[in-house]
Amino acid sequence: MSPADAVDADARLGELLERARDGDRESLRELVRVLDPVLWRVARGQGLAAEDAADVVQTSWLELLRRLHEIRTPRAVTAWLITTTRREAWHRRQRARRDVPDGGAAVATAVDPGPAPGERLIADERDRVLWTHFERLSERCRDLLRIVAQVERPDYTVIAAMFGLPHGSIGPTRSRCLAKLRAMLLADPAWGTP
Amino acid sequence: MTGDGDDTDREILARIARDDPPPPDLDERVLFALALTDLEAEVARLAEATPALARAGEQAHTVTFDAASRTVMITVVERADNLVRVDGWLAPAAALVVELRLPEPAEPRVVTADDTGRFVFDEVPHGLAQLLIHPPSTGTPKVVTPSLQL
(Lines give C-alpha, C1' and ligand atoms only; values in the text may rest on other atoms or scores of the structure.)
Protein backbone atom coordinates (compact mmCIF):
# COMPACT_ATOMS: atom_id res chain seq x y z
CA MET A 1 0.00 0.00 0.00
CA SER A 2 1.43 3.36 -0.97
CA PRO A 3 1.43 6.41 1.33
CA ALA A 4 -1.28 7.90 -0.90
CA ASP A 5 -3.50 4.86 -0.24
CA ALA A 6 -2.82 5.29 3.46
CA VAL A 7 -4.10 8.84 3.29
CA ASP A 8 -7.17 7.56 1.43
CA ALA A 9 -7.84 4.90 4.06
CA ASP A 10 -7.55 7.50 6.81
CA ALA A 11 -9.86 9.81 4.93
CA ARG A 12 -12.40 7.03 4.44
CA LEU A 13 -12.43 6.11 8.15
CA GLY A 14 -12.64 9.80 8.99
CA GLU A 15 -15.62 10.25 6.76
CA LEU A 16 -17.40 7.23 8.24
CA LEU A 17 -16.69 8.52 11.71
CA GLU A 18 -17.95 11.98 10.91
CA ARG A 19 -21.18 10.61 9.44
CA ALA A 20 -21.66 8.13 12.31
CA ARG A 21 -21.29 11.03 14.73
CA ASP A 22 -24.09 12.77 12.85
CA GLY A 23 -26.28 9.73 13.32
CA ASP A 24 -25.88 7.95 9.98
CA ARG A 25 -26.56 4.28 10.72
CA GLU A 26 -25.03 2.98 7.51
CA SER A 27 -21.69 4.64 8.28
CA LEU A 28 -21.71 3.28 11.80
CA ARG A 29 -22.46 -0.18 10.40
CA GLU A 30 -19.49 0.11 8.03
CA LEU A 31 -17.21 1.33 10.82
CA VAL A 32 -18.22 -1.67 12.95
CA ARG A 33 -17.70 -4.01 10.00
CA VAL A 34 -14.17 -2.71 9.40
CA LEU A 35 -13.07 -2.64 13.03
CA ASP A 36 -14.81 -5.66 14.63
CA PRO A 37 -12.45 -8.34 13.24
CA VAL A 38 -9.47 -6.42 14.59
CA LEU A 39 -11.05 -5.91 18.02
CA TRP A 40 -12.03 -9.58 18.08
CA ARG A 41 -8.39 -10.60 17.53
CA VAL A 42 -7.23 -8.16 20.22
CA ALA A 43 -9.67 -9.65 22.75
CA ARG A 44 -8.91 -13.25 21.80
CA GLY A 45 -5.20 -12.44 21.83
CA GLN A 46 -5.62 -11.57 25.51
CA GLY A 47 -6.74 -15.14 26.13
CA LEU A 48 -10.47 -14.57 26.56
CA ALA A 49 -13.09 -17.23 25.86
CA ALA A 50 -15.17 -16.52 22.76
CA GLU A 51 -18.25 -15.27 24.60
CA ASP A 52 -16.19 -13.01 26.87
CA ALA A 53 -14.31 -11.66 23.86
CA ALA A 54 -17.57 -10.82 22.06
CA ASP A 55 -18.80 -9.05 25.17
CA VAL A 56 -15.62 -7.05 25.62
CA VAL A 57 -15.78 -5.90 21.98
CA GLN A 58 -19.32 -4.63 22.60
CA THR A 59 -18.36 -2.90 25.82
CA SER A 60 -15.55 -1.06 24.03
CA TRP A 61 -17.97 0.22 21.39
CA LEU A 62 -20.42 1.36 24.07
CA GLU A 63 -17.60 3.23 25.80
CA LEU A 64 -16.58 4.77 22.48
CA LEU A 65 -20.05 6.18 22.02
CA ARG A 66 -19.72 8.08 25.27
CA ARG A 67 -16.38 9.53 24.18
CA LEU A 68 -17.16 10.17 20.54
CA HIS A 69 -17.23 13.92 20.99
CA GLU A 70 -13.73 13.90 22.54
CA ILE A 71 -12.06 11.79 19.87
CA ARG A 72 -11.49 13.69 16.69
CA THR A 73 -9.35 11.83 14.21
CA PRO A 74 -9.95 8.39 12.68
CA ARG A 75 -6.52 7.25 13.73
CA ALA A 76 -7.33 8.23 17.30
CA VAL A 77 -10.64 6.31 17.21
CA THR A 78 -8.97 3.14 16.01
CA ALA A 79 -6.17 3.40 18.53
CA TRP A 80 -8.64 4.24 21.28
CA LEU A 81 -10.87 1.24 20.53
CA ILE A 82 -7.91 -1.11 20.39
CA THR A 83 -6.46 0.17 23.65
CA THR A 84 -9.86 0.00 25.35
CA THR A 85 -10.48 -3.54 24.12
CA ARG A 86 -7.07 -4.63 25.35
CA ARG A 87 -7.65 -3.05 28.77
CA GLU A 88 -11.21 -4.39 29.11
CA ALA A 89 -10.01 -7.85 28.11
CA TRP A 90 -7.24 -7.72 30.66
CA HIS A 91 -9.65 -6.72 33.42
CA ARG A 92 -12.11 -9.39 32.38
CA ARG A 93 -9.44 -12.05 32.53
CA GLN A 94 -8.24 -10.92 35.94
CA ARG A 95 -11.78 -10.95 37.27
CA ALA A 96 -12.55 -14.33 35.74
CA ARG A 97 -9.46 -15.80 37.36
CA ARG A 98 -10.44 -14.36 40.70
CA ASP A 99 -14.15 -15.21 40.69
CA VAL A 100 -14.72 -18.26 38.59
CA PRO A 101 -12.60 -21.38 38.90
CA ASP A 102 -13.00 -22.26 35.23
CA GLY A 103 -11.88 -18.84 34.05
CA GLY A 104 -15.33 -17.60 33.15
CA ALA A 105 -15.64 -19.94 30.19
CA ALA A 106 -19.02 -21.10 31.47
CA VAL A 107 -20.91 -18.04 30.30
CA ALA A 108 -24.32 -19.35 29.41
CA THR A 109 -25.84 -18.00 26.25
CA ALA A 110 -27.27 -19.34 23.08
CA VAL A 111 -24.03 -18.55 21.29
CA ASP A 112 -21.64 -21.32 20.42
CA PRO A 113 -18.68 -20.75 22.73
CA GLY A 114 -16.24 -21.64 19.95
CA PRO A 115 -12.82 -23.11 20.50
CA ALA A 116 -10.92 -22.17 23.64
CA PRO A 117 -8.01 -19.81 23.11
CA GLY A 118 -5.00 -21.75 21.92
CA GLU A 119 -7.14 -24.50 20.50
CA ARG A 120 -6.83 -24.85 16.75
CA LEU A 121 -9.29 -25.87 14.14
CA ILE A 122 -7.54 -28.85 12.57
CA ALA A 123 -9.53 -30.13 9.62
CA ASP A 124 -6.82 -32.13 7.88
CA GLU A 125 -3.13 -33.00 7.77
CA ARG A 126 -2.20 -29.76 6.02
CA ASP A 127 -3.83 -27.77 8.82
CA ARG A 128 -1.78 -29.71 11.36
CA VAL A 129 1.43 -29.00 9.46
CA LEU A 130 0.49 -25.37 9.00
CA TRP A 131 -0.17 -24.69 12.68
CA THR A 132 3.01 -26.53 13.73
CA HIS A 133 5.10 -24.17 11.61
CA PHE A 134 2.91 -21.19 12.41
CA GLU A 135 3.85 -21.53 16.10
CA ARG A 136 7.53 -21.07 15.15
CA LEU A 137 6.88 -17.57 13.85
CA SER A 138 7.41 -14.56 16.08
CA GLU A 139 4.40 -13.39 18.05
CA ARG A 140 4.18 -10.28 15.88
CA CYS A 141 4.13 -12.39 12.70
CA ARG A 142 1.47 -14.70 14.12
CA ASP A 143 -0.77 -11.82 15.17
CA LEU A 144 -0.29 -9.97 11.91
CA LEU A 145 -0.98 -12.99 9.68
CA ARG A 146 -4.09 -13.91 11.65
CA ILE A 147 -5.51 -10.45 11.22
CA VAL A 148 -4.68 -10.00 7.53
CA ALA A 149 -6.02 -13.50 6.82
CA GLN A 150 -9.32 -12.79 8.51
CA VAL A 151 -10.02 -9.35 7.17
CA GLU A 152 -11.26 -9.30 3.63
CA ARG A 153 -9.65 -6.00 2.68
CA PRO A 154 -7.16 -5.28 5.45
CA ASP A 155 -7.03 -1.64 6.41
CA TYR A 156 -3.37 -0.93 7.15
CA THR A 157 -4.24 2.17 9.14
CA VAL A 158 -6.20 0.02 11.55
CA ILE A 159 -3.59 -2.72 11.66
CA ALA A 160 -0.79 -0.22 12.22
CA ALA A 161 -2.73 1.13 15.20
CA MET A 162 -3.21 -2.40 16.53
CA PHE A 163 0.51 -3.15 16.47
CA GLY A 164 1.78 0.30 17.26
CA LEU A 165 3.86 0.19 14.08
CA PRO A 166 4.36 2.85 11.44
CA HIS A 167 1.80 2.50 8.70
CA GLY A 168 4.40 1.93 6.00
CA SER A 169 5.93 -1.08 7.73
CA ILE A 170 2.75 -3.21 7.78
CA GLY A 171 2.92 -4.29 4.13
CA PRO A 172 6.59 -5.32 4.20
CA THR A 173 6.21 -7.06 7.60
CA ARG A 174 3.22 -8.97 6.31
CA SER A 175 5.14 -10.10 3.19
CA ARG A 176 8.15 -11.14 5.27
CA CYS A 177 6.02 -13.15 7.73
CA LEU A 178 4.07 -14.88 4.98
CA ALA A 179 7.26 -15.68 3.04
CA LYS A 180 8.84 -17.19 6.15
CA LEU A 181 5.83 -19.42 6.84
CA ARG A 182 5.60 -20.38 3.20
CA ALA A 183 9.29 -21.37 3.09
CA MET A 184 8.90 -23.58 6.16
CA LEU A 185 5.82 -25.26 4.69
CA LEU A 186 7.37 -25.88 1.29
CA ALA A 187 10.41 -27.42 2.98
CA ASP A 188 8.18 -29.84 4.92
CA PRO A 189 7.35 -33.01 2.96
CA ALA A 190 4.19 -33.43 5.06
CA TRP A 191 2.78 -30.23 3.51
CA GLY A 192 3.34 -31.70 0.05
CA THR A 193 2.43 -29.79 -3.08
CA PRO A 194 -0.95 -28.18 -3.64
CA MET B 1 -4.25 -4.87 -0.59
CA THR B 2 -1.01 -6.22 -1.97
CA GLY B 3 -1.51 -9.16 -4.27
CA ASP B 4 -1.04 -12.60 -2.86
CA GLY B 5 1.15 -13.93 -5.55
CA ASP B 6 -0.11 -17.44 -5.93
CA ASP B 7 -2.26 -20.29 -4.78
CA THR B 8 0.11 -21.29 -1.99
CA ASP B 9 -0.10 -17.86 -0.34
CA ARG B 10 -3.85 -17.85 -0.76
CA GLU B 11 -4.19 -21.33 0.69
CA ILE B 12 -2.05 -20.43 3.69
CA LEU B 13 -4.12 -17.35 4.45
CA ALA B 14 -7.41 -19.17 3.87
CA ARG B 15 -6.41 -21.91 6.32
CA ILE B 16 -5.35 -19.36 8.92
CA ALA B 17 -8.62 -17.46 8.45
CA ARG B 18 -10.71 -20.54 9.14
CA ASP B 19 -9.33 -20.72 12.66
CA ASP B 20 -11.26 -18.64 15.19
CA PRO B 21 -13.09 -16.10 13.03
CA PRO B 22 -15.30 -13.57 14.85
CA PRO B 23 -18.80 -14.92 15.68
CA PRO B 24 -21.08 -14.33 12.69
CA ASP B 25 -23.45 -12.23 14.81
CA LEU B 26 -20.76 -9.99 16.36
CA ASP B 27 -21.45 -6.94 14.16
CA GLU B 28 -25.19 -7.35 14.71
CA ARG B 29 -24.77 -7.51 18.48
CA VAL B 30 -22.56 -4.44 18.52
CA LEU B 31 -24.96 -2.46 16.34
CA PHE B 32 -27.93 -3.52 18.42
CA ALA B 33 -26.20 -2.40 21.62
CA LEU B 34 -25.23 0.91 20.05
CA ALA B 35 -28.60 1.63 18.49
CA LEU B 36 -30.38 3.39 21.32
CA THR B 37 -27.57 4.14 23.67
CA ASP B 38 -27.27 7.81 24.32
CA LEU B 39 -23.94 9.45 24.84
CA GLU B 40 -24.28 9.95 28.57
CA ALA B 41 -25.22 6.38 29.46
CA GLU B 42 -23.17 4.49 32.00
CA VAL B 43 -22.01 1.11 30.66
CA ALA B 44 -22.63 -1.95 32.83
CA ARG B 45 -20.08 -4.73 32.36
CA LEU B 46 -20.76 -8.43 32.40
CA ALA B 47 -19.50 -9.43 35.83
CA GLU B 48 -20.46 -13.03 36.16
CA ALA B 49 -22.55 -15.66 34.46
CA THR B 50 -23.49 -19.12 35.54
CA PRO B 51 -24.17 -21.97 33.17
CA ALA B 52 -27.72 -23.10 32.61
CA LEU B 53 -29.04 -24.82 35.69
CA ALA B 54 -32.12 -26.91 36.08
CA ARG B 55 -34.13 -25.14 38.74
CA ALA B 56 -37.30 -26.82 39.99
CA GLY B 57 -37.75 -28.43 36.62
CA GLU B 58 -36.92 -25.23 34.73
CA GLN B 59 -33.81 -24.32 32.77
CA ALA B 60 -32.37 -21.05 34.04
CA HIS B 61 -29.16 -19.08 33.96
CA THR B 62 -28.06 -16.01 35.84
CA VAL B 63 -26.09 -13.06 34.52
CA THR B 64 -24.74 -10.15 36.53
CA PHE B 65 -23.82 -6.72 35.16
CA ASP B 66 -21.85 -4.16 37.12
CA ALA B 67 -21.97 -0.42 36.55
CA ALA B 68 -20.38 2.20 38.77
CA SER B 69 -23.72 3.23 40.25
CA ARG B 70 -25.63 -0.06 40.28
CA THR B 71 -25.51 -3.84 39.84
CA VAL B 72 -28.14 -5.65 37.77
CA MET B 73 -28.63 -9.37 38.17
CA ILE B 74 -30.97 -11.28 35.92
CA THR B 75 -32.08 -14.89 35.84
CA VAL B 76 -33.36 -16.05 32.49
CA VAL B 77 -35.87 -18.86 32.88
CA GLU B 78 -36.95 -21.03 29.95
CA ARG B 79 -40.70 -21.34 29.59
CA ALA B 80 -42.46 -24.39 28.20
CA ASP B 81 -43.69 -22.35 25.19
CA ASN B 82 -40.17 -21.48 23.95
CA LEU B 83 -40.33 -17.99 25.43
CA VAL B 84 -38.35 -16.87 28.47
CA ARG B 85 -39.04 -15.06 31.70
CA VAL B 86 -36.45 -12.58 32.96
CA ASP B 87 -36.35 -12.19 36.74
CA GLY B 88 -34.23 -9.18 37.64
CA TRP B 89 -32.86 -7.49 40.69
CA LEU B 90 -31.23 -4.08 41.13
CA ALA B 91 -28.69 -3.37 43.84
CA PRO B 92 -28.76 -1.01 45.60
CA ALA B 93 -32.51 -1.59 45.55
CA ALA B 94 -34.63 1.15 44.04
CA ALA B 95 -38.02 1.39 42.34
CA LEU B 96 -36.58 2.42 38.97
CA VAL B 97 -37.97 2.12 35.47
CA VAL B 98 -36.31 -0.78 33.67
CA GLU B 99 -36.51 -1.17 29.92
CA LEU B 100 -35.84 -4.33 27.92
CA ARG B 101 -34.92 -3.47 24.34
CA LEU B 102 -35.62 -6.07 21.67
CA PRO B 103 -34.69 -5.98 17.97
CA GLU B 104 -37.13 -4.06 15.81
CA PRO B 105 -39.97 -4.23 15.05
CA ALA B 106 -40.65 -5.47 18.60
CA GLU B 107 -41.52 -2.65 20.99
CA PRO B 108 -39.33 -2.27 24.06
CA ARG B 109 -40.83 -3.63 27.28
CA VAL B 110 -40.93 -1.29 30.23
CA VAL B 111 -41.53 -2.22 33.87
CA THR B 112 -40.92 -0.55 37.22
CA ALA B 113 -38.91 -2.39 39.84
CA ASP B 114 -40.47 -2.73 43.29
CA ASP B 115 -38.97 -1.20 46.44
CA THR B 116 -36.67 -4.19 46.87
CA GLY B 117 -35.32 -3.66 43.35
CA ARG B 118 -37.04 -6.69 41.83
CA PHE B 119 -38.56 -6.68 38.35
CA VAL B 120 -39.91 -9.25 35.90
CA PHE B 121 -40.28 -9.43 32.13
CA ASP B 122 -42.40 -12.38 31.07
CA GLU B 123 -43.09 -14.00 27.70
CA VAL B 124 -39.93 -12.62 26.11
CA PRO B 125 -38.78 -14.18 22.83
CA HIS B 126 -35.30 -15.70 22.49
CA GLY B 127 -32.72 -13.55 20.76
CA LEU B 128 -30.89 -10.30 21.29
CA ALA B 129 -31.91 -8.02 24.12
CA GLN B 130 -30.49 -5.10 26.06
CA LEU B 131 -31.38 -3.70 29.48
CA LEU B 132 -31.62 0.01 30.22
CA ILE B 133 -32.10 1.24 33.75
CA HIS B 134 -33.56 4.71 33.79
CA PRO B 135 -32.20 7.10 36.39
CA PRO B 136 -34.19 8.18 39.42
CA SER B 137 -33.66 11.83 38.47
CA THR B 138 -32.38 13.87 35.60
CA GLY B 139 -28.71 14.52 35.97
CA THR B 140 -27.92 10.89 36.79
CA PRO B 141 -26.89 8.75 33.83
CA LYS B 142 -28.94 5.90 32.46
CA VAL B 143 -27.30 2.48 32.89
CA VAL B 144 -27.08 0.26 29.80
CA THR B 145 -25.87 -3.32 29.46
CA PRO B 146 -24.18 -4.83 26.42
CA SER B 147 -26.60 -6.77 24.27
CA LEU B 148 -27.18 -10.31 25.44
CA GLN B 149 -28.57 -13.44 23.87
CA LEU B 150 -31.65 -14.58 25.74
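Scroll up to find the structure this text is about.
Let me sum up the structure you'll find in this document. (Residues numbered from 1 in each chain as written. Chains lettered and ligands numbered in written order. Predicted model: local features only at pLDDT ≥ 70, side-chain atom pairs only at ≥ 80, totals over all residues. Heavy atoms only, no water.)

### Thoughts on the overall build of chain B
Link 1 in the chain: The helix and strand tally for chain B stands at two helices and twelve strands.
Link 2 in the chain: Listing every helix and strand of chain B by position from the N terminus yields α-α-β-β-β-β-β-β-β-β-β-β-β-β.
Link 3 in the chain: Within chain B, buried positions represent 48% of all 150 residues.
Link 4 in the chain: A sequence separation of at least 24 residues applies to 43% of the contacts in chain B between residues at least 6 apart.
Link 5 in the chain: Per element, the accessible surface of chain B, about 6800 Å² overall, is 55% carbon and sulfur. (Helix = DSSP H or I, 4+ residues; strand = E, 2+ residues; numbered from the N terminus. Buried < 20%, exposed > 50% of the residue type's maximum accessible area, 1.4 Å probe, protein only. Contact = heavy atoms within 4.5 Å. Areas by Shrake-Rupley, 256 points an atom, 1.4 Å probe, with all protein chains shown as cover.)

### Remarks on unusual backbone geometry
Residue and element names in this part refer to chain B.
Link 1 in the chain: The omega angle of the peptide bond from A91 to P92 is -5 degrees, so this bond is cis rather than trans.
Link 2 in the chain: Cis geometry is adopted by the peptide bond preceding P105, which originates at E104 and carries an omega value of 10 degrees.
Link 3 in the chain: Take P105: it is sitting in the loop between strand 7 (97-101) and strand 8 (109-112).
Link 4 in the chain: Phi angles above zero are rare outside glycine, and N82 is one such case at about 70 degrees.
Link 5 in the chain: Residue placement: N82 occurs in the loop between strand 5 (71-78) and strand 6 (83-91).
Link 6 in the chain: Owing to a relative accessible area of 55%, N82 belongs among the exposed residues under this scheme.
Link 7 in the chain: The backbone of E123 sits at a positive phi, close to 55 degrees, despite the residue not being glycine.
Link 8 in the chain: Along the chain, E123 turns up in strand 9 (residues 118-125).

### Some thoughts on the environment of H167(A)
Residue and element names in this part refer to chain A.
Link 1 in the chain: Turning to its location among the elements, H167 is positioned in the loop between helix 7 (156-163) and helix 8 (170-186).
Link 2 in the chain: Of the residues examined, H167 reaches a relative accessible area of 14% and is grouped as buried.
Link 3 in the chain: Expressed as a C-alpha distance, the spacing of H167 and T157, which sit ten residues apart in the sequence, is 6.1 Å.

### A few points about the pattern of salt bridges
Link 1 in the chain: Summed over the entire model, instances satisfying the criterion amount to 23 salt bridges over all chains.
Link 2 in the chain: A salt bridge links R33(A) to E30(A); its shortest N-O distance comes to 3.3 Å. Within this pair, R33(A) and its partner E30(A) are both found in helix 2 (residues 25-45), separated by three residues, close to a single helical turn.
Link 3 in the chain: Close ionic contact of R15(B) with D127(A) constitutes a salt bridge, the shortest N to O distance being 2.9 Å. One end of the pair, R15(B), is in helix 1 (residues 7-18); the other, D127(A), is in helix 5 (residues 125-134), on a second chain.
Link 4 in the chain: Overall, D127(A) belongs to the buried group, its relative accessible area being 1%.
Link 5 in the chain: Because the salt bridges share partners, they merge into one network encompassing D124(A), R126(A), D127(A), E11(B) and R15(B). (Salt bridge = Lys/Arg side-chain N within 4 Å of Asp/Glu carboxyl O.)

### With respect to the interface of chain A and chain B
Link 1 in the chain: Taken together, the contact pairs 57 residues of chain A with 47 residues of chain B.
Link 2 in the chain: Contact with chain B buries area across many residues of chain A, yet Q58(A), L62(A) and R182(A) alone supply 13% of it, more than any other trio.
Link 3 in the chain: Summed over the shared surface of chain A and chain B, the result is eleven salt bridges.
Link 4 in the chain: Where R15(B) meets D124(A), a salt bridge forms, and the shortest distance between an N and an O atom there is 2.8 Å.
Link 5 in the chain: Here chain A and chain B share 15 residue pairs in polar contact (both at pLDDT 80 or more) between them.
Link 6 in the chain: No other element matches helix 3 (residues 50-67) of chain A, which puts twelve residues into the side of chain A that touches chain B. (Buried area = accessible area lost by both parts, 1.4 Å probe. Polar contact = N/O pair within 3.5 Å; in protein donor to acceptor, adjacent residues only side chain to side chain.)

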